[in-house]
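# Observations on chain architecture
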Amino acid sequence: MALEGLAASRKMVGSDRNRAVHLAQQAADAARPFGGEGRSFISIVEDVAAAAAQSPTSDALLGCIFSVKDNIDQRGLVSTCGSALYANGPAAAEDAVVVKQMRAAGAISIGKNNMHELALGATGINARFGTTTNPWDTSRGVGGSSGGSALAVALRQVHVAFGTDSGGSVRLPAAMCGVVGFKPSPGWISLAGVVGAAWTIDCVGVFTEDVPSAAAVWDAIGPAQPAPQNRAQRLAYLKDQSMGRVQPPVWERYLATVEDLRRAGFDLTGISIDGLAAGPQICISVAYAEIASLHYEQMRKRAELYDPAILALLYLGELWSGRNYVDAQRARSMLEARFRRIIEPFDAVLTPTLAVQPPKIGEPAAVAGDAPDAELYTLMRFTVTFNVIGYPAISVPAGLDRDGLPFGLQAVGKPGRDRILLGVAKRLEHVLGAMPPPPSARHPP
Amino acid sequence: MATATTLRDALTLMGLDADAVDLDWIARIMAQTEDTIAALRTEPGFASEEPLFKPEQQPGRSGGG
């Protein structure tokens, strides 16, 4: 079963809560254990009516079916974080704040999504819970670390899914699956109830099939912020590869997208974005240290339960000195000051979301000329810096490239101006056209 | 500069299983990261910018867990 869009489902449900519960139960039953096709879910709610018994305080999202990445607590389900370490742990006793907010708005959760182990990677390859596969080409991955959440939206198993993003973990899989991935300004969606978050760098983000759905979620659970002004939006776009190399089919699609926007009347200023190249190194200096502090005992007592590549990242966090950590925080502030000057005249800056097409499963993501061992940096090339400096960003689907693979356009806004960024994204989507679902999620004619 | 040998000693002292990971990979990433951030140390702003992470100024943030 593929769900209709959020607006259509809300119209169908109206104010009938029983009808919403029935729709959610159908969606839960269709998303078989382990997510069926593509392995998008780790756990599914069995009895939706019982789980949704708490009365919402509004109908703002009645008819909305959602799911959360498996590091976001949902009462009654285990938060495995995609890891053998927590696979047999106790069920969460309480909902994460974001789950409470969604329930209060009338939305119903049907389960927890697959993810890269401990959210420490961007491929979606997971030995314990199965690797998520791309709905546009099943020989390719969906990325990560919130890959199952992106896939669940792409397959129309849910209207909305939540993930976490400390280096691109919402925007990357969104781009690979052809859905919208929104990473708000840090702090505006609470991290309370997120297991193992990188303390100063993580964000809860949201996946939807289109921008109006993301805006509806933000209106329901986000804070009051300045609304978009009724004037022409000032946009800049990355005009060269100053942020790093890009695969030819991706760059070709990006430039064609910029041309489409220009022809549609957007006022676009081409810019270089120099001086931000240290973003990935800053991220790993900060995030791995912060996450390693949460794993101090487990790394020593149960090291065999970690994937060796994940354990190596946590060891990095142990090995950095206090001086390394503070250096990275200082560098972080420098980069923020640099980008503040770059974005100052504009409402948003456009870049590709990814430098590469969705990688083949088992093959490293790389652009010709990249250093060996740099797969994570290649994947995070356009996303991680905006985590490091704390700017909101959204990946909007912009059609398929010459090989039939989804392409994501990233728009970066100013901190605390998330509504304005969503307004920009809405205009972009209006011109670029709504992304169709992948063939496997289409309704029969 | 850290090497696989010095990392093995450091990890063992920390009570961690050094045989469970690729030490050469860790040494390469550490060196590359140190070099990249060291290049910023001499630039204006490194010591003077305000800290970016100020939890008390981020409304709605209630901490990770």
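Before any of the text, the structure's been laid out above.
Described below are features of the structure shown in this document. (Residues numbered from 1 in each chain as written. Chains lettered and ligands numbered in written order. Predicted model: local features only at pLDDT ≥ 70, side-chain atom pairs only at ≥ 80, totals over all residues. Heavy atoms only, no water.)

It is worth spelling out the packing of aromatic side chains at this point. Residue and element names in this part refer to chain A. Enumeration over the complete set of coordinates arrives at five aromatic pairs over all chains. Measuring from ring centre to ring centre gives 6.1 Å for Phe66 and Phe162, while their planes differ by 90 degrees; the resulting arrangement is edge-to-face. On the criterion of sequence distance, the pair formed by Phe66 in strand β2 (residues 65–69) and Phe162 in strand β6 (residues 160–164) is long-range, its members being 96 residues apart. Residues Phe66 and Phe162 agree in their burial class; the two are buried. One aromatic cluster is present, built from ring pairs that chain together Phe339, Phe386 and Tyr391. (Phe/Tyr/Trp six-rings, centres within 6.5 Å; stacked < 30°, edge-to-face > 60°. Helix = DSSP H or I, 4+ residues; strand = E, 2+ residues; numbered from the N terminus. Buried < 20%, exposed > 50% of the residue type's maximum accessible area, 1.4 Å probe, protein only.)

The next subject is the sheet that holds strand β9 (residues 234–238) of chain A. Residue and element names in this part refer to chain A. Strand order in the open sheet formed by eleven strands is β1-β3-β2-β6-β8-β7-β12-β13-β11-β9-β10, and the pairing between neighbours is mixed. Either end of the sheet is taken by a strand with one partner, and the two such strands are β1 (41–44) and β10 (267–271). Taken pair by pair, the neighbouring strands of this sheet meet at an average axis angle of 25 degrees, ignoring direction. Two strands pair when backbone bridges link them, and β6 and strand β8 (residues 204–208) are joined in this way by five bridges, in the antiparallel orientation. If you follow Ala161 over to β8, its bridge partner there is Phe207. Packed onto the sheet, helix α5 (residues 147–154) meets β1, β2, β3 (108–113), β6 and β8 and runs at close to 165 degrees relative to β6. Helix α15 (residues 418–432) contacts β7 (180–183), β9, β11 (348–352), β12 (393–400) and β13 (406–412) of the sheet and is inclined by roughly 5 degrees relative to β12. (Pairing = 2+ DSSP bridges. Axes fitted to C-alpha atoms, helices over the stretch in contact; angles between N-to-C directions. Contact = heavy atoms within 4.5 Å.)

In this section: the interface of chain A and chain B. Tallying the contact residues gives 48 residues for chain A and 39 residues for chain B. For the pair chain A and chain B, the two sides together bury roughly 3,700 Å², of which 64% comes from carbon and sulfur. Considering only the surface of chain A that becomes buried against chain B, Tyr315(A), Leu319(A) and Met334(A) emerge as the three largest contributors, covering 18% of it. Close ionic contact of Glu34(B) with Arg323(A) constitutes a salt bridge, the shortest N to O distance being 2.9 Å. For the interface between chain A and chain B, the tally reads seven residue pairs in polar contact (both at pLDDT 80 or more). Breaking the side of chain A that touches chain B down by element, the ones donating at least two residues are α9 (279–292), α10 (296–301), α11 (308–319) and α12 (322–343) of chain A. (Buried area = accessible area lost by both parts, 1.4 Å probe. Salt bridge = Lys/Arg side-chain N within 4 Å of Asp/Glu carboxyl O. Polar contact = N/O pair within 3.5 Å; in protein donor to acceptor, adjacent residues only side chain to side chain.)

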